[in-house]
Amino acid sequence: MTLNLPAGTPNPFRQTIVKDAWETMVDVPEIHGQAFEACCRAFESVRRMKHCESVLLHGGAGSGKTHLLGRLQRHWTASPSNAIGGPEEGMGRCVFLYCRLQTNPHRLWQHLRKTFVEDLLHRFADGTTQLQRLVACRFAQGDTRKQRPAMKWLAWIRNPANRDHSGWKRILLPWLERETQPSFSLQRVLYFLITGRHVLEAGAWLKGEDQLPEEAYTLLGIRETDQGQSEDGAREVVLGLCRLASPLMPVAFCFDQIEALQTSKDDQESLFLFGQMGASLYNSSNNALLISCIQSSVLDPFREAIREADYDRIARNVETLDPLDRRLAFKLISSRLDSSTELAQLRRDRRQQILWPFEPLDLEPGFSSIGTQTARKILAFAGMLFEKLHTGQAATLQEDPSGFLGKEFNRRRTTSLDQEAVESDISLAHGLPLLARTLGGQWRVERQPDRDVDFLLSCEGRRVGVSLCNQQSMRSLGSRLRRLTEWQSRNKSVKLVLIRDERLPIKKTAVVTRKHLQSLKEKGAALCRTDPETLAALQALRSLLSDAMAGDLHHGGDAIAPATVQEWLSMNLDDSLVAFFGRVVGVSENQPDVESEETGGILEVLRKHKVISLDRLAAESGQPASVIENLAKRHPGRIGWLQGPPPVLFDYRPPEILSSGERDEG
Amino acid sequence: MTSEKQDAIRSVLKHSHEPQSTPQIRKEILKRYPVAPKELTALLESMVAAGEVFPWPRKKFWDRDPRKTTPRLILEFLDTSPVAAVGAIKRALKLPLEFIQTALEALVNDGRVHPWQPGATVYYCLFEPDAAAKEAMAEALADGPLDQKELLARLRNRLPGYQARHLKELVPKSGQVVEHPRIGKRKVRYGLNPPAPGPYLDKAVREVLDAHKLLSPCRVSLEAILEALEVRLGLKEKKARVPERRGEGESPEAEGLVLEGMARLQPFGQKRALVSIRELRRSLNLPRGDFDGAVLALARKNRVALHHHDFPAGLTPSQQEELVRDEGGTYYVGIVLKEAS
């Protein structure tokens, strides 16, 4: 059967992934209504009891965790409050914070700080920000004499004519001084943000102080610290911002995709660190609601990885997001169909058939044998069915997963090319450990040995300390380099590599910074400059892997396993990334180095077979397996290695080392 | 001479256990040096300006900073009076309200003191009110069921101002307290165990006896009536069906055991937490087929929801063995009671 729909009628089931909780989506309140109610109860408990509450939400990939957070966001930021003493209509009821955990777990607080500030400055349709609403609400609470409502305060705050009003200094400064004690810088930056001055610079400082040039500090009138950004510093800022809110207008922290923190499914440390952060937030404030989302299949490892006391704080309430049964699935499909304006008239004529153009029986194959299915799979199935009815052709997937991953990688890399230099640190901190793992995992990422050394890569007794030096401010950079000089003289056995975005020059006038850099180089440290293309590829790699870990990378409704993505990346890794990693670990991938007498035979066999198991390569080349393994570890950018079992090697030759004849062949 | 007098003041304040008034300090110093009240006041003022001595309320002085000392004093006080309102703390410590409120706010933020607000008054305590109420409730009910009034009286011993509405919220959350339905004139009661059904059956027993009285002339025994009742209540029929249904791969007994096992493995206070299939299988020790059949049957009957594993291919064969697999090849990792609709 083919539907006679107007040409260009969009498929209402096309979107199956909710990007974040700020996105507006068609909603069916009955779906996961119990979990929604549990979150609302916890929210009211924070307001009433003036102490923290927490909810742990879990469900399968595509069960609707992010969608539920979106519903909570709309409910809390838009709904009027009925509570006595609470904010009024149009003010929202909380500071809503959505934190997707695609980050390096050792930088959790820094990631939270950045997200907190971004969401605090989130602008609603009426033009107000969460920060302005929060301040208006606090002022209204404190305005016991005249009892002006929060809306009136909000209008006053937003009026540009009041920017230089003396009232600001009388009211705002003492309040900030009291709440943000003892941080003068935080106080000053908030003052600028609230009064609408130097918003760009103040917002950037609040997100992370390393990322500012000297001129911005001068403008804000705050002193630049030479300590750089640290987890402790970020924690202080987060707690300082929490103190601005009150239990009557709590801070709702929504942590999504806990599992995306893991570099592999055996990685327990990331979960442990999240547990510590959550418990610390719970202990240090009286106005926070923590909502954490995790996949059901990671729930057991999560419980095992974190301390019991931390789990008790993060999971004071646990709610499951069950797969949908037929009744709810049909409601979901019906609501999507209703949202299509092109279908509206046709559906109005067939009021009795709530699923039109589908029949309930058409949808039956979309359910599992026990009659349930996740929302995402239901939508993907309905989407294929709709396509089939619309075009008259059986909906089939146009490409295999490999083709899909290739396109997706390229799409993400292209999008990331616009990424600014301030984001480089985040991409590198999260992406490099994932890249090391993708390249076979011979180089292990060890614990951060020092504040200024972001990770330690080790392989067979060789150790490389990597320090990300993307500070815009020469003073911050200089201080870091000075500390690194001291660190290197204490750790001579570790090779130090400094990574800096090539878009961030080291000024000629920064004499001291240059002196420290020279001193480090003389001691054997290497400076590795990264270009935007490499960073974009790294960003694409990390987002692809994180989405796969979180079950958010799907092809035709089926989630693609992280192992599949890892394998695809191993085989199709971007040349620039391989060369970059080679530079970081100090391995030259030049032809003459690899083509030594000792290894010539091995490479010959590898070239012949392209992909071969370790045992077979050892047998054919006549070299012991251990020698081959060492060779692969020394040349991660030249010889591909898949851990197995059994370990498999593949011939990897970036174009720059291929002879012209071979290139043409390829 | 001035510095010697200042030393004497320092010594007096250092050894005092509480703030001292000017006459008290003078009395102590007079034992060593003559000092006029005006001179002493001037000396104290200069020491205050130098930050060596701190002014305390009621024109007293001490060498300890009231802002730093107040939190400790509050904690000491709450150690002896477990739940206290700001007013009571203020009266006991004899400090200005502003000091007390600032210190309490800091203590609450640090999680060392918890607020408790049953009505208009905010009380403060060293324990977490919800947890304390749960503990007090468990203690009170340990000796047997209590009605609401009795239970509230016991809870108020621990948390003053505890209201019936708090109890109504706490009972479902606690997960261990059962509300016994009202019967006749007896009010709703709360207990740690399910209510004994006997008292609820009085009317039914009377009717059974009436039926027996009616049928006994026809030689119908009380046992026969009981047997008929069992059939009518579905108890006999259920037992008779067991072997037949087992043959079809479904076992109500196994299903019952699965549900019981799930309830046992729920964390304290939770009703709908996901139970790991692996843990449930281990705890029940049922034959593999029975367990898998019961879990899938309960899901089909809409009694439970099953959560699947997204990437079962990444599991080892032994890990896959521990899960439940349906006909479609989907592996299930978790089971949870169905969300009430």
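Cut-off values and rules
- Residues numbered from 1 in each chain as written.
- Chains lettered and ligands numbered in written order.
- Predicted model: local features only at pLDDT ≥ 70, side-chain atom pairs only at ≥ 80, totals over all residues.
- Heavy atoms only, no water.
- Helix = DSSP H or I, 4+ residues; strand = E, 2+ residues; numbered from the N terminus.
- Buried < 20%, exposed > 50% of the residue type's maximum accessible area, 1.4 Å probe, protein only.
- Contact = heavy atoms within 4.5 Å.
- Areas by Shrake-Rupley, 256 points an atom, 1.4 Å probe, with all protein chains shown as cover.
- Core = buried A, V, L, I, M, F, W, Y, C linked by side-chain atoms within 4.5 Å.
- Axes fitted to C-alpha atoms, helices over the stretch in contact; angles between N-to-C directions.
- Parallel < 35°, antiparallel > 145°, perpendicular 65-115°, else oblique.
- Nonpolar A, V, L, I, M, F, W, Y, C, P; charged D, E, K, R; others polar.
- Pairing = 2+ DSSP bridges.
- Arc of directions from axis to C-beta.
- Buried area = accessible area lost by both parts, 1.4 Å probe.
- Salt bridge = Lys/Arg side-chain N within 4 Å of Asp/Glu carboxyl O.
- Polar contact = N/O pair within 3.5 Å; in protein donor to acceptor, adjacent residues only side chain to side chain.
- Left-handed = near helix turned anticlockwise from the far one by under 90°.
- Patch = residues over 30% accessible without salt bridge, like charges linked within 9 Å, V, L, I, M, F, W, Y side chains within 5 Å.
- pLDDT = per-residue confidence, 0-100.
- Disulfide = S-S within 2.5 Å.
- Expected span 1.5 Å × (residues − 1).
- Phe/Tyr/Trp six-rings, centres within 6.5 Å; stacked < 30°, edge-to-face > 60°.
- Lys NZ or Arg CZ within 6 Å of the ring centre and 35° of its normal.

**Looking at the overall build of chain A**
Move 1: When its secondary structure is counted, chain A shows 29 helices and 15 strands.
Move 2: Put simply, chain A has 666 residues, and 59% of those count as buried.
Move 3: Contacts in chain A between residues at least 24 apart in sequence constitute 72% of all its contacts with a sequence separation of at least 6.
Move 4: Surface exposure of chain A reaches about 27,600 Å², of which carbon and sulfur atoms provide 50%.

**What about the nonpolar core?**
Residue and element names in this part refer to chain A.
Move 1: Leu112, Phe116, Leu206, Leu241, Phe253, Phe255 and Phe274 are the most contacted members of the largest nonpolar core, which totals 79 residues.
Move 2: Here Phe116 is in contact with Val95, Leu97, Val238, Leu241, Cys242, Val251 and Phe253, once residues within four sequence places are set aside.
Move 3: In terms of nonpolar packing, the next biggest core, distinct from the first, is built from 40 residues, Cys459, Leu541, Leu553 and Phe581 among them.

**Focus: the packing of helix H8 (residues 148-158) of chain B against helix H9 (residues 164-174) of chain B**
All names here are of chain B.
Move 1: Look at H8 against H9: their axes get within 11 Å of each other, and the N-to-C directions meet at 95 degrees. Accordingly, the angle class assigned to the pair H8 and H9 is roughly perpendicular. Residues Gln148, Leu151, Leu152 and Leu155 of H8 pack against Ala164, Leu167 and Lys168 of H9.
Move 2: Of the residues in the contact of H8 with H9, the class split is five nonpolar, one polar and one charged.

**Some words on the sheet that holds strand E6 (residues 123-125) of chain B**
Residue and element names in this part refer to chain B.
Move 1: A sheet is described by the order of its strands in space; here three strands give the open sequence E4-E6-E5, paired in antiparallel fashion. Two strands lie at the open edges of the sheet, namely strand E4 (83-85) and strand E5 (114-116), each paired on one side alone. Adjacent strand axes in the sheet meet at a mean angle of 35 degrees, parallel and antiparallel pairs treated alike.
Move 2: Judged from the three bridges that link them, E4 and E6 form a sheet pairing that is antiparallel. Within the sheet, the bridge partner assigned to Ala85 lies in E6 and is Tyr123.

**What to know about unusual backbone geometry**
Move 1: Backbone torsion omega between Trp356 of chain A and Pro357 of chain A reads 15 degrees, so that peptide bond is classified as cis.
Move 2: Structurally, the position occupied by Pro357 of chain A is in the loop between helix H15 (341-348) and helix H16 (360-363).
Move 3: Of note in the backbone geometry, Lys50 of chain A takes a positive phi value of approximately 55 degrees without being a glycine.
Move 4: The class for Lys50 of chain A is partly exposed, based on a relative accessible area of 28%.
Move 5: Non-glycine residue Lys94 of chain B carries a positive phi angle of around 55 degrees.
Move 6: Along the polypeptide, Lys94 of chain B turns up in the loop between helix H5 (86-93) and helix H6 (97-110).
Move 7: Classification of Lys94 of chain B as exposed rests on a relative accessible area of 52%.

**Re helix H2 (residues 22-30) of chain B**
Residue and element names in this part refer to chain B.
Move 1: Listing the buried residues of H2 in full gives Thr22, Ile25 and Ile29. Buried residues of H2, seen end-on, are gathered within an arc of 65 degrees and therefore sit on one face of the element. Away from the buried face of H2 by more than 90 degrees, exposed residues Pro23 and Lys27 are located.
Move 2: Of the surrounding elements, those touching the buried residues of H2 are helix H1 (2-15), strand E1 (20-21), helix H3 (37-49) and strand E3 (60-62).

**Regarding the sheet that holds strand E10 (residues 526-530) of chain A**
Residues and elements named next belong to chain A.
Move 1: One open sheet accounts for five strands, arranged E6-E7-E8-E9-E10; its pairing is mixed. Both edges of this open sheet fall to strand E6 (444-446) and E10, since each of them pairs with a single strand only. In this sheet, adjacent strand axes meet at a mean angle of 30 degrees when their direction is disregarded.
Move 2: Alignment of strand E9 (residues 495-501) against E10, held across five bridges, turns out to be parallel. Each bridged residue has a counterpart across the sheet, and for Ile499 the counterpart in E10 is Cys528.
Move 3: The sheet contacts of helix H20 (residues 474-490) involve strand E8 (462-468) and E9, and relative to E9 the element is tilted by about 170 degrees.

**A look at the interface of chain B and chain A**
Move 1: Every contact between the two is made by 40 residues of chain B and, on the other side, 45 residues of chain A.
Move 2: Of the roughly 3,200 Å² buried where chain B meets chain A, counting both sides, 45% is carbon and sulfur surface.
Move 3: Where chain B meets chain A, there are two salt bridges.
Move 4: Here Lys338 of chain B makes a salt bridge to Asp325 of chain A, at a shortest N to O gap of 3.9 Å.
Move 5: Where chain B touches chain A, the interface holds nine residue pairs in polar contact (both at pLDDT 80 or more).
Move 6: Every element with two or more residues in the side of chain B that touches chain A is listed here: H6, E5, helix H14 (277-284), helix H15 (288-300), strand E11 (304-308) and strand E13 (331-337) of chain B.

**As for the packing of helix H4 (residues 130-142) of chain A against helix H5 (residues 150-158) of chain A**
All names here are of chain A.
Move 1: The geometry of H4 relative to H5 is characterised by a closest axis approach of 8 Å and an angle of 130 degrees between their N-to-C directions. By the angle between their directions, the pair H4 and H5 is classed as oblique. By crossing handedness, the relation of H4 to H5 is classed as right-handed. Contacts between H4 and H5 involve Gln132, Arg133, Val135, Ala136, Cys137, Phe139 and Ala140 on the former and, on the latter, Ala150, Trp153, Leu154, Ile157 and Arg158.

**A word on the environment of Glu39 of chain B**
Residue and element names in this part refer to chain B.
Move 1: In this fold, Glu39 is placed in helix H3.
Move 2: Glu39 sits in the partly exposed class, given a relative accessible area of 30%.
Move 3: Beyond its immediate sequence surroundings of up to four residues, Glu39 is in contact with Lys5 and Pro34.

**As for the side chain of Ser416 of chain A**
Residue and element names in this part refer to chain A.
Move 1: Relative to the elements of secondary structure, Ser416 occurs in helix H18 (residues 401-416).
Move 2: With a relative accessible area of 12%, Ser416 lands in the buried category.
Move 3: For Ser416, the contacting residues outside a window of four places in its chain are Ala536, Gln539 and Ala540.

**A few points about a nonpolar patch on the surface**
Move 1: A contiguous nonpolar patch, built from Leu201, Val205, Leu209 and Leu222 of chain B and spanning about 330 Å² of accessible area, is present on the exposed surface.
Move 2: Positionally, Val205 of chain B belongs in helix H10 (residues 202-215).

**Overview of the confidence of the model for chain B**
Regions with low pLDDT should not have their predicted coordinates read in detail.
Residue and element names in this part refer to chain B.
Move 1: Of the residues in chain B, 94% reach a pLDDT of 70 or more, and the chain-wide mean stands at 84.
Move 2: When pLDDT is averaged over each element of chain B, strand E12 (residues 324-325) comes out on top at 92 and helix H12 (residues 235-247) at the bottom at 44.
Move 3: Per-residue pLDDT stays below 50 along residues 238-248; that stretch engages in six contacts with residues further than four places along the chain or on separate chains.
Move 4: Interface confidence in the predicted complex, given as ipTM, is 0.71; pTM for the same model is 0.66.

**Some details on the pattern of salt bridges**
In a structure, side chains of opposite charge can pair up when their charged atoms sit close to one another.
Move 1: Under the definition given, this model contains 45 salt bridges over all chains.
Move 2: For Arg278 of chain B, the salt bridge identified is with Glu322 of chain B, shortest N-O distance 3.0 Å. You can see Arg278 of chain B sitting in helix H14 and its partner Glu322 of chain B sitting in the loop between helix H16 (317-321) and E12, a full 44 residues away along the chain.
Move 3: For Glu322 of chain B, a relative accessible area of 21% gives the class partly exposed.
Move 4: Residue Arg288 of chain B pairs with Asp292 of chain B through a salt bridge whose shortest N-O separation is 3.8 Å. Note that Arg288 of chain B and Asp292 of chain B are positioned in helix H15 at a spacing of four residues, about one turn of the helix.
Move 5: Taking the relative accessible area as the measure of exposure, Asp292 of chain B reaches 13% and is therefore buried.
Move 6: The structure contains a network of salt bridges with shared partners spanning Arg107, Asp425, Asp452, Asp454, Arg480 and Arg483 of chain A.

**Some words on the state of the cysteines**
Residues and elements named next belong to chain A.
Move 1: According to the stated counting rule, one finds zero disulfides over all chains in the structure shown.
Move 2: Unpaired in this structure, Cys242 has its nearest cysteine sulfur neighbour in Cys52, at a distance of 7.9 Å.
Move 3: Under the relative-accessibility criterion, Cys242 is labelled buried at 1%.
Move 4: Free cysteine: Cys254, not disulfide-bonded; nearest cysteine sulfur from Cys293 at 7.1 Å.

**A closer look at helix H21 (residues 511-522) of chain A**
All names here are of chain A.
Move 1: Spanning 12 residues, H21 covers 16 Å between terminal C-alpha atoms, matching the ideal 16 Å at 1.5 Å per step.
Move 2: Here H21 has its buried residues at Thr513, His516, Leu517 and Leu520. Projection of H21 onto a plane perpendicular to its axis shows the buried side chains occupying an angular sector of 100 degrees, all on one side. For H21, exposure combined with an orientation more than 90 degrees from the buried face picks out Val511, Val512, Lys515 and Glu522.
Move 3: Against the buried residues of H21 lie H20, E9 and E10.
Move 4: Just beyond H21, the residue with positive phi is Gly524, at close to 105 degrees.

**Looking at the packing of aromatic side chains**
Two measures describe an aromatic ring pair: the distance that separates the ring centres and the angle between the ring planes.
Residue and element names in this part refer to chain A.
Move 1: All told, the structure shown has 18 aromatic pairs over all chains when counted by the stated rule.
Move 2: Here the aromatic rings of Phe139 and Trp153 are separated by 5.1 Å at their centres, their planes lie at 75 degrees, and the arrangement is edge-to-face. Of the two residues, Phe139 is situated in helix H4 and Trp153 in helix H5; the sequence distance between them amounts to 14 residues. Exposure class is identical for Phe139 and Trp153. Each is buried.
Move 3: Taken together, the ring pairs in this structure connect Phe116, Phe253, Phe255, Phe274, Phe302 and Tyr311 into an aromatic cluster.
Move 4: The positively charged end of Arg113 is found above the aromatic ring belonging to Trp205, 5.5 Å away from the centroid.
Move 5: In this arrangement the basic side chain of Arg235 is found over the ring face of Trp109, its NZ or CZ atom lying 5.8 Å from the centre.

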